Structure formats: structure tokens, C-alpha cells
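Residues per chain, in single letters:
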Amino acid sequence: FEQLCINFANEKLQQFFNFWTFKKEEKVYETEQIDFKKVKFIDNQGVLDLIEKKREGILGMIDEEIRIPKGSDTTFMKKLESKHVKTKEFKRVLRRPDNFIVVHYAGNVEYSSHSFLEKSKDRMTDDLYNLITGTKFGFLKTLFEGDTAASSKTLGTKFKKQLNDLMRTLNSTEPHYIRCIKPNPRKAPLQFVGQMVLLQLQYSGVFEAVEIRKKGFPFRLPHVEFYKHYRCILPKKKDWPADNKEKCRIIEKKLGMEGKLKMGRTMVLYRAKEHRIMSLTRNLAVEKVVIYLQAIYRGYLARKLRIKLLKLRPILQDALKGRDIPKIEAALSKCDGVGFPMLEIGKLKRLKYVIEEEKRVQEKLRVLLTKDPEDVFDELEAQIASAEDIKFMNNLVEEGRKKLDEIK
């Protein structure tokens with residue numbers, strides 16, 4: 001019974017995969033009214049009906065048998081065989097009359113009906129049920145919330161309800177699939193059993209999914225989006241028609257894709273080969289447009305920079321006329337982010353450096369000239385060299401030079 005529930009869940013998930021991969025894909029083509037060669041795939045709706053259909057399904061018949069006073073696994077099995085003798089997803093096991101076979105999506109599975117009824121009852125005594133539901137422990141209460149009696153719902157009914165709730169949740173999402181394949185039955189590393197992998201790919205519908213992608217049109221854009229995306233290949237065209245579908249036909253003709261794209265009612269559909277060609281054509285067109293736009297924008301930036309430089313030049317020239325450090329710094333601060341090597345900026349920076357260096361050399365020489373020249377010979381020589389580098393000359397520099405000459 002437990003294995004039947006597990007396989008029931010797998011069938012539901014496989015149907016969900018089929019819906020998103022095959023049925024929904026086909027529905028798109030039918031809605032868009034385009035020609036499409038259908039891909040044959042195994043539809044497991046019959047298996048689900050066999051398991052869950054009201055009254056006629058295995059779970060429903062188990063519930064019905066539980067309610068009958070003299071119901072048993074044997075009477076359940078007889079009724080099941082009688083009801084589904086013509087059901088292609090159901091098979092009898094002649095050598096084992098208590099067993100039956102369900103033709104699942106992934107293959108035939110044999111089940112033993114032994115203890116089916118007992119396991120599905122999931123029954124507690126009334127005293128135990130009342131004890132648990134009367135507890136003050138909130139979590140324990142929630143496990144039995146909604147049950148009016150200990151045996152009001154069978155395990156099969158609960159499982160079916162929970163599974164349907166799960167499927168409703170999944171149907172409200174946009175699924176993306178990652179298929180996990182077991183390479184060998186031992187779960188050992190570096191071992192690959194080809195036949196086992198092949199069966200998994202077949203039973204999980206991977207081959208059919210690949211085929212529908214190859215035969216179908218995996219790339220699709222609404223008419224207005226297709227127009228917006230590819231209109232750049234006709235940058236000079238202005239007299240576009242009002243109808244978006246007609247706009248798409250004009251682009252289709254320009255791309256040389258007539259007959260290769262499928263014009264649906266609301267969208268354009270195409271395959272990977274056409275997508276690559278159109279994307280390359282669009283990229284080349286975009287590159288041309290980008291180069292043109294870059295030229296326009298760079299021209300704008302150059303004109304903007306020229307205006308800024310013309311405004312800065314008088315300020316810089318005025319600062320160059322004097323030796324006022326605060327004025328020089330104020331002028332240089334206005335040049336931040338200019339990004340252009342103006343001659344006046346270079347001169348002003350050099351002037352600031354010379355003024356600051358003169359001040360530093362003078363302060364150093366005032367201290368050094370009070371000491372014995374032989375004791376501070378190296379420092380004195382360095383300061384005189386700095387003064388010569390900036391072509392600075394005054395009484396202190398002259399005196400320092402004389403003392404160096406005397407020592408030499």
C-alpha cells in the first residue's frame with residue numbers, strides 16, 4: 001500500500017512535467033494557430049484515473065470496502081478485478097490471485113493486496129483519539145485538526161488530499177526542471193551503467209522533451225516585443241504601420257526569414273537556428289548604432305568641456321600673475337575632474353610647488369646656518385641643490401653656497 005502511494009505521487013509529478021513540457025507547449029501552438037507536428041508521448045491520465053478516480057479508483061474502492069462490515073482484502077481484490085478487467089493500465093496476476101499489476105508511466109509494478117484495507121484505515125481507538133485531540137500541546141492538536149472522529153478519514157484519502165494540495169501549489173508556480181540520473185544501482189562513484197541510464201531517460205520523458213524542442217519553436221516573443229527588439233536593423237525607417245504584426249512582417253522580410261518564422265495570433269515563434277542568425281544581425285546593427293551614438297555623445301562631452309575650459313582659463317591666468325597660495329589653491333580646486341591637461345594648470349601647479357619649496361628651503365637654511373658647516377655638510381648641500389633646482393636665490397642661499405665652497 002505504501003509503495004502504491006509513492007508511485008501515485010510519482011505519477012502526479014510526471015503528469016505535471018508532461019503538462020508543462022508537452023501539453024502546454026502544444027496548447028501555445030494551437031492558440032497561436034500555427035502548424036506544428038505533434039510529438040507522441042505517454043499520457044499517464046489513465047493510470048491516475050485507475051488509482052484516484054472517485055468510486056472506480058483503487059483508493060476509492062479501498063475506502064468503500066472499509067465501510068462495508070465484512071469487507072476484506074479478498075473481497076476488495078475481486079471487486080477490483082471485476083471493475084477493471086478491461087482497463088489497459090490494470091493487469092491480473094494469475095499465479096498470485098491476491099496480487100495485481102499497475103502499468104505505470106515508468107513500467108509495470110506488481111502490488112500485493114495483503115493488508116491494503118488495514119493500512120489504509122490508519123485507525124486509532126476513540127479513547128486515544130480523544131486524548132490526543134484534547135491535549136493543550138498545540139502542535140499535536142494540529143496533526144488531527146479537521147478530523148471529527150478517529151476513523152473519519154482513511155490514510156488513502158488523506159494522502160490523496162495532501163497530494164492534490166501540493167499539485168495546486170505547483171500549478172501556481174513557473175517550474176524549471178533539473179533531471180537527476182542515477183548512473184549505477186550501487187550509488188558508487190566512477191561507475192556508469194548505460195542500460196540503467198537509458199531507461200531513466202526514457203521513463204522520465206527526457207527524449208520526448210528534447211524532441212518537442214527540436215520540432216517546436218522554443219523562442220517566442222509577443223509582436224510588440226519582437227518589433228522593439230529587432231527594429232534597430234531598420235534605423236532609418238519611420239513610416240511603420242500601426243499594426244504590430246505587420247511591423248513584424250517588415251522586419252521578417254528585412255532579415256530574410258520569410259517562411260522560417262511563425263507569425264502567430266499574438267507572438268512570433270522561431271527555432272534556435274533562426275534565433276542565432278537574427279541575434280547576429282541585430283548585434284551588428286546595434287554596433288553601428290552604438291558607434292554613431294558614441295560619436296554624438298563624445299562630441300557633446302567635448303563641447304561641454306571646451307565651455308568649461310574657456311571659463312577656467314581667465315581664473316588660472318589671474319592666479320599665475322601672483323604668488324598667493326590660497327588663490328592658487330582655489331583656482332586649482334575648480335579644475336578637479338576637468339580631465340584635460342591645460343597648459344595653465346601645469347604652470348599653476350609648478351608655481352605652487354616652487355613657492356612651497358622656497359619657503360621650506362629658507363626655513364631649513366636658517367637652522368643649518370647657525371650650526372658648524374662641517375657637521376651639517378650633507379644637509380646643507382642638499383638644500384642648496386633644491387634651491388638651484390627651482391632657480392631660487394636669496395641671501396640665505398648665497399651664504400650657504402659660500403660656506404660649502406669654503407669647506408671644499
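To be clear, the structure that these remarks concern was listed above.
Residues numbered from 1 in each chain as written. Predicted model: local features only at pLDDT ≥ 70, side-chain atom pairs only at ≥ 80, totals over all residues. Heavy atoms only, no water.

J.: I'd love a proper account of helix H8 (residues 155–171), names of residues and values included.
T.: In this model H8 runs 24 Å from its N-terminal to its C-terminal C-alpha over 17 residues, within 8% of the 24 Å that 1.5 Å per residue would give. Residues Gly156, Leu163 and Met167 constitute the buried set of H8. All buried residues of H8 fall inside an arc of 40° around its axis, so they share one side. Turned more than 90 degrees off the buried face of H8, the exposed positions are Gln162 and Arg168. Close packing links the buried residues of H8 with helix H1 (2–32), helix H3 (58–67) and helix H5 (116–121). (Helix = DSSP H or I, 4+ residues; strand = E, 2+ residues; numbered from the N terminus. Expected span 1.5 Å × (residues − 1). Buried < 20%, exposed > 50% of the residue type's maximum accessible area, 1.4 Å probe, protein only. Arc of directions from axis to C-beta. Contact = heavy atoms within 4.5 Å.)

J.: Give me unusual backbone geometry: which residues, what numbers.
T.: With a phi close to 55°, Lys187 is a non-glycine residue in the positive phi region. For Lys187, the position within the fold is in the loop between H8 and helix H9 (194–203).

J.: Give a description of a nonpolar patch on the surface that names residues and reports values.
T.: A grouping of Phe137, Phe139 and Leu143 is seen on the molecular surface, where their side chains present a nonpolar patch of about 350 Å² in accessible area. You can call Phe139 exposed: its relative accessible area is 54%. (Patch = residues over 30% accessible without salt bridge, like charges linked within 9 Å, V, L, I, M, F, W, Y side chains within 5 Å. Areas by Shrake-Rupley, 256 points an atom, 1.4 Å probe, with all protein chains shown as cover. Salt bridge = Lys/Arg side-chain N within 4 Å of Asp/Glu carboxyl O.)

J.: A description of H1 should follow, citing residues and the corresponding values.
T.: Under the 1.5 Å per step criterion, the end-to-end length of H1 is 44 Å for 31 residues, consistent within 8% with the ideal 45 Å. When the local axis directions of H1 are compared, the greatest deviation, roughly 45°, occurs at Phe19. Phi turns positive, to about 60°, at Gln33, one or two residues after H1. (Bend = angle between axes of the 7 residues up to and from the residue.)

J.: Now, about the packing of aromatic side chains: what can you tell me, with residues and values included?
T.: Taken as a whole and assessed by the stated rule, the structure comprises 15 aromatic pairs. Centroid distance Phe19 to Trp20: 6.0 Å. Interplanar angle 85°. Geometry classified as edge-to-face. Judged by relative accessible area, Phe19 falls into the partly exposed class, the value being 34%. For Trp20, a relative accessible area of 16% translates into the label buried. Relative to Tyr270, the ring of Phe226 has its centre 6.2 Å away and its plane inclined at 65°; by these criteria the two rings are edge-to-face. On the criterion of sequence distance, the pair formed by Phe226 in helix H11 (residues 223–230) and Tyr270 in strand E6 (residues 267–270) is long-range, its members being 44 residues apart. For the pair Phe226 and Tyr270, one class covers both residues: buried. A connected cluster of aromatic rings, assembled from ring pairs, spans Phe1, Phe76, Phe90, Phe100, Tyr111 and Phe116. Between Arg179 and the ring centre of Phe17, over which it is positioned, the NZ or CZ distance is 4.4 Å. If you follow Lys247 out to its NZ or CZ, it ends over the ring of Tyr227, 4.4 Å from the centre. (Phe/Tyr/Trp six-rings, centres within 6.5 Å; stacked < 30°, edge-to-face > 60°. Lys NZ or Arg CZ within 6 Å of the ring centre and 35° of its normal.)

J.: Please give an account of the pattern of salt bridges that cites residues and values.
T.: A complete count under the given rule lists 19 salt bridges for this structure. We note a salt bridge from Arg92 to Glu81, for which the minimum N-O separation is 3.8 Å. Of the two residues, Arg92 sits in strand E1 (residues 90–92) while Glu81 sits in helix H4 (residues 73–83), which places them 11 residues apart along the sequence. The buried category is assigned to Glu81, whose relative accessible area is 17%. Among the ionic pairs, Glu357 bridges to Arg360, the shortest N-O distance being 2.7 Å. Here the residue Glu357 and the residue Arg360 both occupy positions in helix H15 (residues 343–368), the gap between them amounting to 3 residues, near one helical turn. Each member of the salt-bridge network shares a partner with another, and the members are Lys161, Asp165 and Arg168.

J.: Outline the sheet that holds E1, supporting the account with residue identities and numerical values.
T.: Here we have 3 strands laid out as an open sheet, ordered E1-E2-E3, and antiparallel in their pairing. In this open sheet, the two strands that pair with only one neighbour each are E1 and strand E3 (107–112). Neighbour-to-neighbour, the strand axes of this sheet turn through a mean angle of 30°, independent of strand direction. Helix-sheet contacts for helix H2 (residues 45–52) involve E1 and strand E2 (99–104), and the interaxial angle to E2 is about 145°. (Pairing = 2+ DSSP bridges. Axes fitted to C-alpha atoms, helices over the stretch in contact; angles between N-to-C directions.)

J.: Kindly report on the nonpolar core, identifying the contributing residues and their values.
T.: Core analysis: the biggest nonpolar cluster contains 24 residues, and Ile58, Ile62, Phe76, Leu80, Phe100, Val102 and Phe116 have the highest contact counts within it. Those elements that place two or more of their residues in this core are H1, H2, H3, H4, E2 and H5. Element by element, the count of residues in this core is highest for H3, at 5 residues. Those residues in contact with Ile62 that sit more than four places away from it in its chain are Phe1, Phe76, Phe116, Leu117 and Ser120. Listed in part, the 17 residues of the second largest apolar core include Ile233, Leu234, Met263 and Val268. (Core = buried A, V, L, I, M, F, W, Y, C linked by side-chain atoms within 4.5 Å.)

J.: Go over the sheet that holds strand E4 (residues 219–222), please, and point to the residues and values.
T.: Strands in a sheet are paired, the pairing made by backbone hydrogen bonds, and the direction either parallel or antiparallel. Strand order in the open sheet formed by 3 strands is E4-E6-E5, and the pairing between neighbours is antiparallel. Looking along the sheet, the strands with just one partner apiece sit at the ends: E4 and strand E5 (262–263). Here E4 pairs with E6 via 4 bridges, running antiparallel. Paired with Arg220 across the two strands is Leu269, which belongs to E6. Sheet strands in contact with H11 are E4 and E6, and its direction is about 100° off that of E4.

J.: Would you mind going over the packing of H11 against helix H13 (residues 272–320) in detail, with residue names and values included?
T.: Viewed as axis vectors pointing N to C, H11 and H13 meet at an angle of 45°, and their least axial separation amounts to 10 Å. What the angle tells us is that H11 and H13 run oblique. Every residue of H13 that contacts H11 at Phe226, His229 and Tyr230 is listed here: His275, Met278, Ser279 and Arg282. Of the residues that constitute the contact of H11 with H13, the class distribution is 3 nonpolar, 3 polar and 1 charged. (Parallel < 35°, antiparallel > 145°, perpendicular 65-115°, else oblique. Nonpolar A, V, L, I, M, F, W, Y, C, P; charged D, E, K, R; others polar.)

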